[in-house]
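Understanding the architecture of this molecule
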Amino acid sequence: MSGEEEENAAELKIGDEFLKAKCLMNCEVSLILEHKYEQLQLVSEDPMNQVSQVFEKSLQYVKRFSRYKNPDAVRQVREILSRHQLTEFELCVLGNLCPETAEEAVAMVPSLKTKGRAHSDEAIEKMLNDLSLVKRFE
């Protein structure tokens, strides 16, 4: 990487392409793959014939690691996190890992405390409390 800045997710130095890309949380990917799987079942007498091993493994992975299963809860999580001016990367890390405290959130996503856009511990705790309510009532 001569002449280029080294990538560092903690400082949101993840490349322009990635910063501008739409990221999906595991729970969102799970909903998409589940829908696709259901479509394949409708058009094929033997749905397993239509599903590649990569597709099947990917679906198993996102189902296993999705913190939210209900489509309404998934929408609520994205809405809650979107209110806090997070980047897509930050939003997805927090939505996937579900930290319980502001300290955990900052450890997972240090850019939450970046100068110029730092979130207070109170704002982070409020965001995390809102997420835990969604999980509790899912």
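Remember, it's a predicted structure, so these values are computed and weren't measured experimentally. (Residues numbered from 1 in each chain as written. Predicted model: local features only at pLDDT ≥ 70, side-chain atom pairs only at ≥ 80, totals over all residues. Heavy atoms only, no water.)

1. Description of the overall build of the protein
Selection criterion: Only DSSP runs of H or I with at least four residues qualify as helices, and only runs of E with at least two residues qualify as strands; both kinds are numbered from the N terminus onward. Accessible area is worked out with a 1.4 Å probe on protein chains only. A residue is then buried under 20% of its type maximum, exposed over 50%, and partly exposed in between. Residue contacts are defined here by distance: any two heavy atoms, one from each residue, within 4.5 Å place the two residues in contact.
Tallying secondary structure elements over the protein gives 8 helices and 0 strands in all. The principal-axis extents of the C-alpha atoms in the protein amount to approximately 55 × 45 × 20 Å. Here the protein holds 138 residues, and 36% of them are scored as buried. A separation of at least 24 residues holds for 61% of the contacts in the protein among residues at least 6 apart in sequence.

2. Looking at the domain arrangement of the protein
Threshold: Domain start and stop positions are those given by an automatic or database domain assignment. Once two parts are put together, the accessible area they lose, assessed with a 1.4 Å probe and summed over both, is termed the buried area. Salt bridges are identified by distance alone: a Lys or Arg side-chain nitrogen within 4 Å of an Asp or Glu carboxyl oxygen. Amino acid classes used here: Ala, Val, Leu, Ile, Met, Phe, Trp, Tyr, Cys and Pro are nonpolar; Asp, Glu, Lys and Arg are charged; the rest, including Gly, are polar.
Domain boundaries in the protein define domain 1 (26–65) and domain 2 (71–137). Centre-to-centre separation of domain 1 and domain 2, based on C-alpha positions: 28 Å. Opposite the 4 residues of domain 1 that make contact, domain 2 presents 4 residues. In this assembly, domain 1 packs against domain 2 so that about 460 Å² is buried in total across both faces, 54% of it on carbon and sulfur atoms. Applying the counting rule to domain 1 against domain 2 returns 1 salt bridge. A salt bridge links Arg78 to Glu28, with the nearest nitrogen and oxygen atoms 2.5 Å apart. Residue classes in the side of domain 1 that touches domain 2 are distributed as 2 nonpolar, 1 polar and 1 charged.

3. Details of the layout of surface pockets
Take a probe with the size of a water molecule and roll it over the atoms, and the empty space left behind shows itself. This is how the line gets drawn: Here a cavity means grid points, on a 1 Å grid over the protein atoms only, where a 1.4 Å probe fits yet cannot get out; a pocket means an open set of points with protein on both sides within 12 Å along at least five of seven lines; lining residues are those with an atom within 4 Å of a point. Grid points are joined across faces, edges and corners, and a volume is the space filled by probe spheres set on the points.
In this structure, the largest pocket spans a volume of roughly 190 Å³. Arg67, Tyr68, Cys98, Pro99, Glu100, Leu128, Asn129, Leu131, Ser132 and Lys135 together form the lining of the largest pocket. A breakdown of the residues in the lining of the largest pocket according to their chemical character gives 5 nonpolar, 2 polar and 3 charged.

4. Some points on the packing of aromatic side chains
We apply this condition: Here is the rule: rings of Phe, Tyr and Trp (six-membered ring for Trp) pair when centre to centre is within 6.5 Å. Planes less than 30 degrees apart are stacked, more than 60 are edge-to-face, and the remainder are tilted. Here, over-ring charges are defined by two tests on the NZ atom of lysine or the CZ atom of arginine: distance to the ring centre within 6 Å, and angle to the ring normal within 35 degrees.
In total, this model carries 1 aromatic pair according to the counting rule given. Both rings, one in Tyr61 and one in Phe65, keep their centres 4.8 Å apart while their planes meet at 45 degrees; by these two values the pair is tilted. You can see Tyr61 and its partner Phe65 sitting in helix α4 (residues 53–65), 4 residues apart, about one turn around the helix. Positioned over the ring face of Tyr68 is Lys135, at 5.7 Å from the centre of the ring.

5. Let's talk about the environment of Leu33
Within the secondary structure, Leu33 sits in helix α2 (residues 26–43). For Leu33, a relative accessible area of 16% puts it in the buried group. Sequence separation of Leu33 and Ala102 is 69 residues, and the distance between their C-alpha atoms is 32 Å. Not counting the four nearest positions on each side in its chain, Leu33 is found in contact with Phe55, Ser58, Leu59 and Val62.

6. Digging into the pattern of salt bridges
Summed over the entire model, instances satisfying the criterion amount to 8 salt bridges. Asp121 serves as the salt-bridge partner of Lys113, at 2.9 Å between the closest nitrogen and oxygen. Through salt bridges that share partners, Lys22, Glu28, Arg78 and Glu88 make up one connected network.

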